[in-house]
Amino acid sequence: MNKNFGKSSVFSLFKGVPLSCILVALFLLQILLAVGLTAYLSISNGQKAVNEVASELRRQVANRVEQNLQTYLSTPRQVLRGNQNVIDIGLLKMENLATWESYLIKQLEIFPDAIALTASNEQQEHLAIQKLNDRQFLLRFADKLTGYDLYTYRIDRQGQRTQLPEVIKNYDARSHLDYQAAVTAKKFSFSRIFTPLTEPTLLISASQPIYNSQGQLLGVNSTLTHISQIGDLLQNIKVGKSGQVFIIERSGLLVASSTTEEPFRVQNGKPIRLAASQSGNSFTQASAKYLATKFSNFDQIQSLQQLDFFFDGKRQFLEVRPLQGEPNVNWLIIVAVPEADFIGQIDRNTQTTIFLCLGGLGLATLLGIVTARWITQPILYFSTATKDLADFTNSEDSVLIVQGIKELEVLGGSFNEMMQQLRKTFSVLSTKNEELELQVKQRTQDLKQEIQERINSQRRLGQHNQALAELANHRAISEGNLETAFKIITQKAANALEVERVSVWLFNGDRTKLQCISLYERRNQIHSAGLERNRADYPIYFKALASTRTIVVTDTRTDLRVQELSDELLEPNNIVSLIDTSIWVGGEVVGTVLYEQIETPRTWELSEQNFVSSIVEFVALTLEVCDRKRAESALREAKEAAKVANRAKSTFLGNISHDLRTPLSSMLGITQALQDQVYGLVSQEQRQYLNMLESSGKNLLELINQILDLTDIESSKIELQQAGTSIQGLCDSSLSFVKHLAFQKNIQLSVQVPEKLEPIQVDERRIRQVFINLLTNAIKFTKEGGKVWIEVQPNSTNEYIFFSVVDTGIGMLSDDLFKLFQPFVQVENSSTHRSTGTGLGLVMVQKIVELHGGTVHAESQLGKGSRFTVKLPWKKVGEWGVRTNY
């Protein structure tokens, strides 16, 4: 295909013009265009670079400020979330804020940004810890013991308290705005920025409502931090040479600034918030006024805004970014950078570029003229010499001859040599192509053979998967039926592997021999059992079983591990290959599964070895299921025997208690008659012995009666007489039974029952017995002048009602609480080891409450008293009582 460039409309303009002139003209035109374009791009890119650098700087600074703010705001969240986790796992309780004191002090030491931590609950209790310095704290506390008056103490790091004269009467933290705001939000939230009355600063608080697992509000946990710390963070961030960063609220009030200016002014001794447009810094003030003009309402700014404006005749760059991550912290981050911080060096670089371009233009023009003349002369000779190469494909002996320039002569010679090499290469490639075709044919045959082998392997793998799936769903394996399961396993394995024999062997009791439990012969399709192998006859084989999970033998005639089996097993049955897998149950080998190939040696593939490993797992599973079935049967028999023994025990205790109570009652009657001098005068010494006898007899009779009651409950003989019962009357009557005991120790008794409670459906006599036992214990372990009272509180849904017997007694360790409800067990310490009792009172309490469908819970703190809470179902009462038998 020929192209005539000389007839083109463009090239016709240069017809007859020397090549040197054309080259010089075009070269100069290119240089002029390049220099002009370079100058234009230099100026344009300089301005673009200013915008990009300013934009990148603003973005990086805003990102860093946002990260610092998120880190600053995440600290209160981490503190309060950690407290929530501690409450969830039961280490702290919102119902007992007294245990929070040391914990909150440690938190203030760990999180230096926080200046105060508070906790308030729904019982009107309040605890606040404020950090004065690294060694001193302020404690403010109000609870039931203080009459809900707020007391203030100064404490050091060792917990030493000094009460301050400040006392706030009837303090209720639930009425405060931060408590109500947290309850309304029902989640973690920050407050608005506020100024305290005590010092010129800005503060912000974070609150977290605490709920129990039923969604009931327990209280609120809060933290308090300084806003001034944000200003310290901003002052550490460098924004160009003279740029600034400041943060404002949507209202325009200043939050913090990278300058030394405070975000408030002190007026009449009180801090007043400062608007950014009223800032004493002219740059901050101008930026805020521009934003106020640009956006009539700052709430319109919902995304990143990059702006610029002129201040003092100079361009200024702005970036406004809403703070993300905290929906109720509605702040704007503003980065302001003067253009003058970047433009100076770029202007100097632009001038230098223009001067260099002009110098390059002159030098390029001179070099272009010289180069054009130097190139065009030899090109004329080269164009003439290359005409003979136009028909290279048809002229095998064509030769390129170039004269005049040494480099072109060398190029022509190289070109001729290259053509000769190409002809030789074409010949070699033709020969190689024929050889390659033969190799392709051979490779095709090999691929066909590999594909056939792959198909066979996939078929065998499908057989393996089908066999395993059928075994996994077989009932005999899941039920632990050894005989049926082993027959199915050996048959499925033999058919899937296409081997002649598969057998299962298990060790006997003393592990001296292997016994064949099931043997399947595929050719004859028969099952058999009963073969044995003694360990003493085959030591090498048994050692191999113990040392490896799978024995893979391709040729039994050469493998030393199975040579001992040749005479008895291998040669008579013509077994030439085998796989032997150990059965592991409970961390030890209990037997083996044997796969035997006859006549033709076989190389066991990896998929087949994996298959036999799966089969042995089914055998082990069957053995484990069988063992579990046996264990479950033995457990059922043991439980049945335990029930019989328990019934016998109850019958024995009932009979012996009745037999003891009759003569004991007679003894007490005779003792009373002797004390009344029915049979004659009694001396003072005899009267002391009679009193001792009477006291011991009554204690023994009480023990017998409690044993009888406990026996009736355990033997399900007790009969509850349930009827509508007044809650107030039940509590009052219970207190009347123990008034004489409380009077002897000058203990104050009281009851706290909400008004207008509906009656409860219970056995009044039994529940009164519960309260009397709890009240008696409370009085027994309360020192003279103490308090014992009953609290009644229904739950929020009125499904249950809680009766709490509370005392200010000696209490006990939390580790001893689990012993309280064990029969004949008493908790002993330095204060209780002298107290009398049978150890059955709380057991009876628990049994009676459980018969009513309720529970008993105990709380106690050594030296501070105990609380026993009875939870009962609050059933609605009809017109008639109900009798329930158990």
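Right, let's walk through the structure included here.

Overview of the sheet that holds strand β10 (residues 254-257)
Argument step 1. A sheet is described by the order of its strands in space; here five strands give the open sequence β10-β9-β15-β14-β13, paired in antiparallel fashion. Each having just a single partner strand, β10 and β13 (305-311) make up the two edges of the open sheet. Strand-to-strand twist of the sheet, defined as the mean angle between neighbouring strand axes without regard to direction, takes the value 25°.
Argument step 2. Along the sheet, helix α4 (residues 228-235) makes contact with β9 (244-249), β10 and β15 (331-338), crossing β10 at roughly 40°.
Argument step 3. Against the sheet, helix α5 (residues 282-294) touches β9, β13, β14 (314-322) and β15, its axis set at about 120° to β13.

Digging into the environment of F743
Argument step 1. Positionally, F743 belongs in helix α15 (residues 739-744).
Argument step 2. Separated by 41 residues in the primary sequence, F743 and E784 place their C-alpha atoms 9.6 Å from one another.

Overview of the pairing of strand β17 (residues 513-521)
Moving residue by residue along a regular strand, the side chains alternate between the two faces of the sheet.
Argument step 1. Here β17 lies mainly inside the structure; seven of its nine residues are buried.
Argument step 2. Sheet topology note: the strand β16 (residues 501-507)/β17 ladder contains seven bridges and is antiparallel. If you follow L506 over to β17, its bridge partner there is Q515.
Argument step 3. The turn linking β16 back onto β17 is made up of five residues, and R511 within it adopts a positive phi angle of 55°.
Argument step 4. Note: β17 against strand β19 (residues 532-534), three bridges, orientation antiparallel. Pairing of K513 across the sheet is with N534, part of β19.
Argument step 5. Here three bridges tie β17 to strand β18 (residues 526-528), and the two strands are oriented antiparallel to one another. Following the sheet pairing, L519 is matched in β18 by S528.

A closer look at the pattern of salt bridges
Argument step 1. By the definition in use, this model includes 24 salt bridges.
Argument step 2. Residues D149 and K169 are paired through a salt bridge, measuring 3.5 Å at the closest nitrogen-oxygen approach. With D149 in the loop between β3 (136-142) and β4 (150-156) and K169 in the loop between β5 (161-168) and α3 (177-185), this residue pair connects regions lying 20 residues apart in the sequence.
Argument step 3. For D149, a relative accessible area of 12% translates into the label buried.
Argument step 4. One salt bridge in this structure joins R628 and E632, with 3.8 Å as the shortest N-O distance. Remark: E632 and R628 occur in helix α12 (residues 606-675); sequence separation between them is four residues, near one turn of the helix.
Argument step 5. Exposure remark for E632: the relative accessible area of 33% places this residue in the partly exposed category.

Describing empty space enclosed by the protein
Argument step 1. Counted by the stated rule, this structure contains two cavities of 30 Å³ or more.
Argument step 2. The space that makes up the second largest cavity amounts to roughly 30 Å³.
Argument step 3. Looking at the second largest cavity, the residues that line it are R501, S503, W505, L519, L531, R533, L569, L594 and E596.
Argument step 4. Within the residue set of the lining of the second largest cavity, elements represented by two or more residues are β16 and β22 (588-598).
Argument step 5. Considering each element in turn, the lining of the second largest cavity owes the most residues, three residues, to β16.
Argument step 6. Of the residues assigned to the lining of the second largest cavity, the class counts are five nonpolar, one polar and three charged.

Some words on the packing of aromatic side chains
Argument step 1. Under the definition given, this model contains seven aromatic pairs.
Argument step 2. For the pair F188 and F190, a centre-to-centre distance of 5.2 Å together with 85° between the ring planes defines the contact as edge-to-face. You'll find F188 and F190 in the same group, each marked buried.
Argument step 3. Taken together, the ring pairs in this structure connect F507, Y541 and F542 into an aromatic cluster.
Argument step 4. One residue, R549, lies across the ring of W584, its end atom 4.5 Å from the ring centre.

So, the side chain of D763
Argument step 1. Along the polypeptide, D763 turns up in strand β25 (residues 760-763).
Argument step 2. Buried and unpaired, D763 has R766 as its nearest opposite-charge partner, separated by 4.5 Å.
Argument step 3. In this structure the side chain of D763 is engaged in a polar contact, spanning 2.7 Å, whose partner is the backbone nitrogen of Q721.
Argument step 4. Apart from residues no more than four positions distant in its own chain, D763 is found in contact with E719, L720, Q721, Q722 and H852.

A few points about the layout of surface pockets
Argument step 1. Of the voids in this model, the second largest pocket is the one considered here, and its volume is about 1200 Å³.
Argument step 2. Elements supplying a minimum of two residues to the lining of the second largest pocket: β1 (114-121), β2 (126-131), β5, α3, β6 (189-190), β7 (203-211) and β8 (217-226).
Argument step 3. For the lining of the second largest pocket, the element with the most residues is α3, which contributes six residues.
Argument step 4. Broken down by class, the residue content of the lining of the second largest pocket amounts to 19 nonpolar, 14 polar and five charged.

Looking at the sheet that holds β6
Argument step 1. In spatial order, the strands read β5-β4-β3-β2-β1-β8-β7-β6; together these eight strands make up an open sheet with antiparallel pairing. Whereas interior strands pair on both sides, the edge strands pair on one side only; in this sheet they are β5 and β6.
Argument step 2. Across seven bridges, the pairing between β1 and β8 is antiparallel. Within the sheet, the bridge partner assigned to A116 lies in β8 and is L224.
Argument step 3. Lying on the sheet, α3 is in contact with β1, β6, β7 and β8; it crosses β8 at an angle near 120°.

Some points on the packing of helix α14 (residues 727-737) against helix α16 (residues 764-780)
Argument step 1. The geometry of α14 relative to α16 is characterised by a closest axis approach of 9 Å and an angle of 50° between their N-to-C directions. Taken together, the axis directions place α14 and α16 in an arrangement best described as oblique. Of the two possible hands of crossing, α14 and α16 adopt the one that is right-handed. Each of L730, S733, S734, L735 and F737 in α14 lies in contact with α16, whose residues at this interface are E764, I767, R768, F771, I772 and L775.
Argument step 2. Here the residues of the contact of α14 with α16 sort into seven nonpolar, two polar and two charged.

Observations concerning the environment of E500
Argument step 1. With respect to the element layout, E500 can be found in the loop between α9 (482-497) and β16.
Argument step 2. Residue E500 is classed as buried on the basis of its relative accessible area, which comes to 11%.
Argument step 3. As for E500 and E596, which are separated by 96 residues in sequence, their C-alpha atoms are 6.2 Å apart.
Argument step 4. Ignoring any residue separated from it by four or fewer positions in sequence, one finds E500 in contact with Y520, E521, R522, R523, N524, E596 and I598.
Argument step 5. A distance of 3.1 Å separates the side chain of E500 from the backbone nitrogen of R523, its partner in a polar contact.

Examining a negative patch on the surface
Argument step 1. There is a patch of like negative charges on the surface, built from D537, D567, E568 and E571.
Argument step 2. Its place among the elements puts D537 in the loop between β19 and α10 (539-547).

Rules and cut-offs
- Residues numbered from 1 in each chain as written.
- Predicted model: local features only at pLDDT ≥ 70, side-chain atom pairs only at ≥ 80, totals over all residues.
- Heavy atoms only, no water.
- Pairing = 2+ DSSP bridges.
- Helix = DSSP H or I, 4+ residues; strand = E, 2+ residues; numbered from the N terminus.
- Axes fitted to C-alpha atoms, helices over the stretch in contact; angles between N-to-C directions.
- Contact = heavy atoms within 4.5 Å.
- Buried < 20%, exposed > 50% of the residue type's maximum accessible area, 1.4 Å probe, protein only.
- Salt bridge = Lys/Arg side-chain N within 4 Å of Asp/Glu carboxyl O.
- 1 Å grid on protein atoms, 1.4 Å probe; cavity = no way out; pocket = protein on both sides within 12 Å on 5 of 7 lines; lining within 4 Å.
- Points joined across faces, edges and corners; volume = space filled by probe spheres on them.
- Nonpolar A, V, L, I, M, F, W, Y, C, P; charged D, E, K, R; others polar.
- Phe/Tyr/Trp six-rings, centres within 6.5 Å; stacked < 30°, edge-to-face > 60°.
- Lys NZ or Arg CZ within 6 Å of the ring centre and 35° of its normal.
- Lys, Arg positive; Asp, Glu negative; His and termini not counted.
- Polar contact = N/O pair within 3.5 Å; in protein donor to acceptor, adjacent residues only side chain to side chain.
- Parallel < 35°, antiparallel > 145°, perpendicular 65-115°, else oblique.
- Left-handed = near helix turned anticlockwise from the far one by under 90°.
- Patch = residues over 30% accessible without salt bridge, like charges linked within 9 Å, V, L, I, M, F, W, Y side chains within 5 Å.
- Areas by Shrake-Rupley, 256 points an atom, 1.4 Å probe, with all protein chains shown as cover.
- Charge placed at Lys NZ, Arg CZ, Asp CG, Glu CD.

Everything listed is a geometric property; what it means functionally is a separate question.
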